[in-house]
There are 2 protein chains.
Amino acid sequence: MCELLGMSANVPTDITFSLTGLMQRGGRTGPHRDGWGVALYEGRGLHMFKDSMPGADSEVARMIQGYPLKSRTVIAHIRHANVGSVNLANTHPFVRELGGRYWCFVHNGQLNEFAPDPGLFQPVGDTDSEAAFCYLLNEVRRRFPDPVPVEMLLPVLVGTCDHFRRFGVFNCLLSDGDWLFTFCSTKLAHITRRAPFGPAHLKDADLTVDFKAETTPDDVVTVIATEPLTANETWALHQPGEWKLWWDGEIVTQGRV
Amino acid sequence: MCELLGMSANVPTDITFSLTGLMQRGGRTGPHRDGWGVALYEGRGLHMFKDSMPGADSEVARMIQGYPLKSRTVIAHIRHANVGSVNLANTHPFVRELGGRYWCFVHNGQLNEFAPDPGLFQPVGDTDSEAAFCYLLNEVRRRFPDPVPVEMLLPVLVGTCDHFRRFGVFNCLLSDGDWLFTFCSTKLAHITRRAPFGPAHLKDADLTVDFKAETTPDDVVTVIATEPLTANETWALHQPGEWKLWWDGEIVTQGRV
């Protein structure tokens, strides 16, 4: 299993605090020693930092914790390998260009005996996660050869994620840089921070941030993770089958299958 | 115009020395202030570091210069924008997955009135370079729906690059992580270092490396750049229309159109 982290915000926001908490689970407070990655959108472009080293030991991780990259949309992952060996090609997030946008994906769970027919998008590594991502994009492309608003994609996204549940556990985050789609198969949680901002204390490291000092009154910042990352805030727990579409830190639409 | 850097080696090799020289041209000894990027393959996976800040000022650039990532195949670029604004989406290298491999591309030059029909692969940004890369991949995919050995691709790669010359200047590097293809429209140069290794002194910074201390006798390391990077070595200059296919630091096949 793995841990996921997503952020959707209405202003470019520093993800360092949440990422620090997540990275501790990469070999220190958690068993996820098999690589990590973080994708930060900047406009339509994407910064991608990945390492097949444990997050807690990774030089690249230390570097980005010291260099605050701000973004409105972030997707991150730490890996505990079950399918596929430990190497960079098997490290989330996975990215593909579809319709002139970079789509970015992370998965928590395991799909058993999932062997889809090859499509236009093909996995580079040998994880069930990347195979599922490619299958999902192939479905989107098959149904919508040309770009459409994300609301029109939702039946395909939700239906395909629901289909994956037949094969095992499938919690995922997916984004094109503007919207962020979340699907809960067994566990996901989120917190939306807005004014009045207060302090937050990480569960996994002795670190407190006073968001009041870091934000303006109009900021809306949602953080989504497999498990709550802070000890002194109330996170909303998602139910099995629950999906949400986020934009600018807010839920645009949601449902449950 | 821009500057390109490529490396093909038979062992994972530290690119830091050459990258340091290149980065100086990003705003210090050269005018290429509009972003930079470096892609380093690790197996079938890819590390990608990019910034729309000048290479000479970039925090991300300083970080990777302090953290030696070793790779057999590297592609890097510093940008002097002519087509497309300065932002991350317009920053080279560009990457797409094709046939289960990550293809990576950088371009030096400018294509005028190049407006291809949309294909499966579409640009995310608005540079002529990314449009050309997508056109090239669409041509490969159209001719070869399934993966084939690179030798079979060469007529498409060479023919398409030659076609691009009708629109302007097109020096490029392209790789799938194993092979590295280079095409010279106006300027490219390479040096192949092998035993007995000696010292090399950068043109653009007061830095000397003794490769003897960094290598074993069997290492073969080729560096390709738009302009020679060192002052005390003899670089081979490529002729207009000259193309080469590299593997493990050696020329596999070459020609001129």
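As the structure is a computational prediction, the values presented were derived from the model and not from experiment.

A.B. asks: Break down the interface of chain A and chain B for me, with residues and values.
C.D. replies: Where the parts come together, the accessible area they lose is often given as the size of the interface. In this assembly, 30 residues from chain A lie in contact with 30 residues from chain B. For the pair chain A and chain B, the two sides together bury roughly 2,600 Å², of which 59% comes from carbon and sulfur. One can count two salt bridges joining chain A with chain B. E97 of chain A is the salt-bridge partner of R96 of chain B, the closest N and O atoms lying 2.9 Å from each other. Put simply, chain A and chain B have 10 residue pairs in polar contact (both at pLDDT 80 or more) between them.

A.B. asks: Residues and numbers for the packing of helix α3 (residues 128-143) of chain B against helix α4 (residues 150-164) of chain B, please.
C.D. replies: All names here are of chain B. With their axes 10 Å apart at the nearest point, α3 and α4 run at an angle of 145 degrees to one another. Handedness of the α3/α4 crossing: right-handed. Residues A132, Y135, L136, E139, V140 and R143 of α3 form the contact with α4, whose participating residues are L153, V156, L157, T160, H163 and F164.

A.B. asks: Break down the side chain of T13 of chain B for me, citing the residues and quoting the values.
C.D. replies: Residues and elements named next belong to chain B. Relative to the helices and strands, T13 is located in strand β1 (residues 3-14). Within the structure, the side chain of T13 is placed 2.7 Å from the backbone oxygen of V11, a separation counted as a polar contact. Non-local contacts of T13, meaning those with residues more than four positions away in its chain, are made with M7, L69, K70, S71 and V221.

A.B. asks: Could you give me a rundown of empty space enclosed by the protein, with the residues and numbers involved?
C.D. replies: As enumerated under the stated definition, the model contains six cavities of 30 Å³ or more in all. In this structure, the largest cavity spans a volume of roughly 420 Å³. Considering the residues around the largest cavity, the lining is formed by 25 residues, among which L46, M48 and V95 of chain A together with L46 and V95 of chain B are closest to the centre. Looking at the lining of the largest cavity, the elements with two or more residues in it are β3 (45-51) and β5 (94-98) of chain A together with β3 (45-51) and β5 (94-98) of chain B. For the lining of the largest cavity, the class distribution of residues is 17 nonpolar, two polar and six charged. Lining the second largest cavity we find E97, L120, F121 and R141 of chain A together with E97, L98, G99, L120, F121 and R141 of chain B. Counted by class, the lining of the second largest cavity contains five nonpolar, one polar and four charged residues.

A.B. asks: Tell me about the sheet that holds strand β14 (residues 242-247) of chain B, residues and numbers included.
C.D. replies: Residue and element names in this part refer to chain B. Taken together, six strands build an open sheet; the order of strands is β5-β6-β7-β8-β14-β15 and the sheet is antiparallel. A strand with exactly one partner marks an edge of an open sheet, and here the two such strands are β5 and β15 (250-256). Sheet twist, expressed as the mean angle between neighbouring strand axes with direction ignored, is 20 degrees. With five bridges connecting them, β5 and strand β6 (residues 101-111) associate as antiparallel partners. Within β6, the position partnered with E97 by the bridge is Y102.

A.B. asks: Could you give an account of the relation of the copies chain A and chain B, with specific residues and numbers?
C.D. replies: In the superposition of chain A on chain B (RMSD 0.0 Å, axial shift 0.0 Å), the rotation amounts to 180 degrees. Here the copies are linked by what is in effect a two-fold axis.

A.B. asks: Describe in detail α3 of chain B, supporting the description with residues and values.
C.D. replies: In this model, α3 of chain B (16 residues) spans 23 Å end to end at C-alpha, consistent with the 22 Å of a helix rising 1.5 Å per residue. Of all 16 residues that make up α3 of chain B, 13 are buried, and the element is covered over most of its length.

A.B. asks: Outline the confidence of the model for chain A, supporting the account with residue identities and numerical values.
C.D. replies: This prediction gives chain A a mean pLDDT of 91; 95% of its residues lie at or above 70. On the interface metric, ipTM, the complex scores 0.94, and its pTM is 0.95.

A.B. asks: Account for the packing of aromatic side chains, naming residues and giving values.
C.D. replies: One pass over the structure, following the stated rule, counts 19 aromatic pairs over all chains. Taken together, a centroid distance of 4.9 Å and an interplanar angle of 5 degrees make the contact between F105 of chain B and F133 of chain B stacked. With a gap of 28 residues between them, F105 of chain B in strand β6 and F133 of chain B in helix α3 connect regions that are remote in the sequence. For F105 of chain B, a relative accessible area of 0% puts it in the buried group. Assessed through its relative accessible area of 0%, F133 of chain B is described here as buried. Counting every residue linked through ring pairs, the aromatic cluster contains F105, F114, F133, Y135, F164, F167 and F170 of chain A.

Scoring rules and cut-offs
- Residues numbered from 1 in each chain as written.
- Chains lettered and ligands numbered in written order.
- Predicted model: local features only at pLDDT ≥ 70, side-chain atom pairs only at ≥ 80, totals over all residues.
- Heavy atoms only, no water.
- Contact = heavy atoms within 4.5 Å.
- Buried area = accessible area lost by both parts, 1.4 Å probe.
- Salt bridge = Lys/Arg side-chain N within 4 Å of Asp/Glu carboxyl O.
- Polar contact = N/O pair within 3.5 Å; in protein donor to acceptor, adjacent residues only side chain to side chain.
- Axes fitted to C-alpha atoms, helices over the stretch in contact; angles between N-to-C directions.
- Helix = DSSP H or I, 4+ residues; strand = E, 2+ residues; numbered from the N terminus.
- Left-handed = near helix turned anticlockwise from the far one by under 90°.
- 1 Å grid on protein atoms, 1.4 Å probe; cavity = no way out; pocket = protein on both sides within 12 Å on 5 of 7 lines; lining within 4 Å.
- Points joined across faces, edges and corners; volume = space filled by probe spheres on them.
- Nonpolar A, V, L, I, M, F, W, Y, C, P; charged D, E, K, R; others polar.
- Pairing = 2+ DSSP bridges.
- Least-squares fit on C-alpha atoms with pLDDT ≥ 70 in both.
- Expected span 1.5 Å × (residues − 1).
- Buried < 20%, exposed > 50% of the residue type's maximum accessible area, 1.4 Å probe, protein only.
- pLDDT = per-residue confidence, 0-100.
- Phe/Tyr/Trp six-rings, centres within 6.5 Å; stacked < 30°, edge-to-face > 60°.

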